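Survey of secondary and tertiary structure
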Protein chains: 2
Amino acid sequence: MDWDTATQRSVMLVQDLGESGVLHLVQRFCPPEVVGNDAAVCAVRAGYALAVTADMLVDDVHFSDRTTSAYDVGWRSIAANLSDLAAMAATPIGVTISLGLPPTTPVSWLEGLYSGVVDCLQVGGFDVPIVGGDVCSSRVRTVSIAAFGEVKPGAEIRRDRARAGDVIVMTGLHGLSRMGLGLLLEPDREEWRSIAVVDRERAIAAHQRPQPRLDLVRPLQAWQENRQDSSRIAGMDSSDGLADAIVQICHASRCGAIVWREALGSLADLGLPASLALDWTLYGGEDFELVLCLPEPLAQELVQLAGHGAAIIGEITESPEITVLSRDHTDLVRLDRRQGFQHFSAP
Amino acid sequence: MDWDTATQRSVMLVQDLGESGVLHLVQRFCPPEVVGNDAAVCAVRAGYALAVTADMLVDDVHFSDRTTSAYDVGWRSIAANLSDLAAMAATPIGVTISLGLPPTTPVSWLEGLYSGVVDCLQVGGFDVPIVGGDVCSSRVRTVSIAAFGEVKPGAEIRRDRARAGDVIVMTGLHGLSRMGLGLLLEPDREEWRSIAVVDRERAIAAHQRPQPRLDLVRPLQAWQENRQDSSRIAGMDSSDGLADAIVQICHASRCGAIVWREALGSLADLGLPASLALDWTLYGGEDFELVLCLPEPLAQELVQLAGHGAAIIGEITESPEITVLSRDHTDLVRLDRRQGFQHFSAP
């Protein structure tokens, strides 16, 4: 359904509410104490630093009514930002949401967006508040989020701290989100008729409602804060794909990696053609898992905590090559930062 | 000049740089330590809380190439957010900037924007860093800012703390920004030919480069933190106009106000027709001064600190009316929250 052409007047539009009506609607989703002043005030624990991240999502670039409900736009906007905080081992404190909306946006879209936002803000039990934002008119639906967390200075997880000998952990299966997108775009494609309904649903859920790994923030913080040899977990989230995360960590840390192909799990087990399975696992993106490099004993603990799909998938090397190796060493893939969607490419 | 139609290939466009080029350009304006991880980490002093504010500006809604240079878009975006922090007596810590840009945006526009941003971030000597953000393609140029500051919990200035007997201070002359806009839109208007060149320039500067009152943050914080009777300064900034600020403070504090007309100063002294002078002083908007309610001895000190144009302009009353009175009591204007520009109004 194309909302923008929904011109029957039975559909309430943002322009029917006007600015004050829109503000009133939006403020229903905020704690009352943050409304009504020039800025909101939120507590930061003594001894903690502020971790800050921001993302902008634009209609027809990051989402569209054809594939993404308003609820899912809200959910995914928040998931991306909370995932960045989780990747730093930062406890979320709050988010701001600024919206640019065409006056003809249905009010139901705005309500759907905020429902997705507040539901995703519950993930991991942190009950993160919306502490501010802005709404204004624009020709293009635009969602701009900033998220703030707290982390002990020096205890944040960084990309440039991996060392040869570390093992690499992924906190969940990769490629599921890309598989869900494929199923949404071409549900009847002949090639994947052997995918079970339950696996289809799981993949689509992974795409529409990715779960930022906030559940891992507290144990990661505890490990980082209590280590003698401080800051020894390196890592980032896998929003741009598993391969991208491994390559970025290796580049930032000036090292290489060997990834064991069989340890990655395989989407082929779910019925996906083998020709797509490894590609989507490495380059699919938007799984919002964490990719962490750490000493092996800690890695074993982390895999236990992270649950289904988590695995030790390789090791960090001194030599700068980054390769995926199969068990019998017959099959070697060199990893690169394959270009995903590039903003600003000429039409 | 309409940049969007500047299609000669001598003009370097954002699409010529590509996403990685744009990121590289933008990161030049950030401290190196905040680049390269999922989130940036910045210090918050122990015992301080976080103050957060956010604003979104959209091409053809908040600015346009016809009246606003890229530099001024950057300056004003930051000024609005820093003014919100100043209004809460919060020391700025950092800002995030997220940009949506059409691929045909000239690179010079992007550079101009960031020049304005970083220059305004120097106001008041805080040297506020850009600690994050996002760039993505969009059909409409969009600038989304979030700003963070630190303030002792309970020491923030709020709108709902004014009391009968307080006097009202404005920290500078109002209406100058609106006068500057008028001069920019109709430089040759017959009515204002008696305005001196120096006053024209001052008004245009007030519109293009409003100065957020960060210079007042430290004394305001000191007063708020050291008071026995805590949180006794009420107030907000005057971004939506002097009248709007007074009315909002009175509504939030459940009180009224008398404003002394002669204390407001007069734009008529600068040569503006009397018919416009009071109106623009009260309703012009975007002066980004502070409107504060406090006991008179402190108010006298504040006026001294705030400098030229600052004045005690009235007093808070128990009765709920909000009126502007002339000295001889012959001239009475009842203040309202006159509607300024309303987003989402039907075309």
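To keep things clear, this report deals only with the structure shown in the data block. Keep in mind that what you see is a predicted model, and the values were worked out from it rather than measured. (Residues numbered from 1 in each chain as written. Chains lettered and ligands numbered in written order. Predicted model: local features only at pLDDT ≥ 70, side-chain atom pairs only at ≥ 80, totals over all residues.)

This brings us to the interface of chain A and chain B. On the chain B side, the residues contacting the 67 residues of chain A number 67 residues. Elements represented by at least two residues in the side of chain A that touches chain B include exactly helix 1 (14-27), strand 1 (40-42), strand 2 (49-58), helix 2 (70-87), strand 3 (91-101), strand 4 (130-137), strand 5 (142-151) and strand 7 (234-237) of chain A. For the side of chain A that touches chain B, the element with the most residues is strand 2 of chain A, which contributes nine residues. When its residues are assigned to classes, the side of chain A that touches chain B shows 37 nonpolar, 20 polar and 10 charged. As defined by bridge partners, strand 2 of chain A adjoins strand 1 (residues 40-42) of chain B across three bridges and the pair is classed as antiparallel. Counted as the bridge partner of A:Leu50 is B:Cys42 from strand 1 of chain B. (Contact = placed C-beta atoms within 7 Å. Helix = DSSP H or I, 4+ residues; strand = E, 2+ residues; numbered from the N terminus. Nonpolar A, V, L, I, M, F, W, Y, C, P; charged D, E, K, R; others polar. Pairing = 2+ DSSP bridges.)

In this section: the environment of A:Gly21. Looking at the secondary structure, you find A:Gly21 in helix 1. Along the sequence, A:Gly21 and A:His62 sit 41 residues apart, while their C-alpha atoms lie 27 Å from each other.

Another point: the nonpolar core. Burial of nonpolar side chains together is a common tendency in soluble globular proteins. Judged by nonpolar contacts, the single largest core of 223 residues is most densely connected at A:Leu50, A:Ala51, A:Ile246, B:Leu50 and B:Ile246. Not counting the four nearest positions on each side in its chain, B:Ile246 is found in contact with B:Ile168, B:Ala257, B:Val259, B:Val291, B:Ile322 and B:Leu335. (Core = buried A, V, L, I, M, F, W, Y, C linked by C-beta atoms within 7 Å. Buried ≥ 20, exposed ≤ 12 C-beta atoms within 10 Å, placed from the backbone.)

Residues and elements named next belong to chain A. Close contact between helix 1 and helix 3 (residues 107-120) brings their axes to 11 Å; oriented N to C, the two are set at 20°. By the angle class used here, helix 1 and helix 3 are roughly parallel. When you trace helix 1 past helix 3, the crossing you get is right-handed. For the pair helix 1 and helix 3, the contacting residues are Val14, Leu17, Leu25 and Val26 in the first and Val107, Leu110 and Tyr114 in the second. Looking at the contact of helix 1 with helix 3 residue by residue, the class counts come to seven nonpolar, no polar and no charged. (Axes fitted to C-alpha atoms, helices over the stretch in contact; angles between N-to-C directions. Parallel < 35°, antiparallel > 145°, perpendicular 65-115°, else oblique. Left-handed = near helix turned anticlockwise from the far one by under 90°.)

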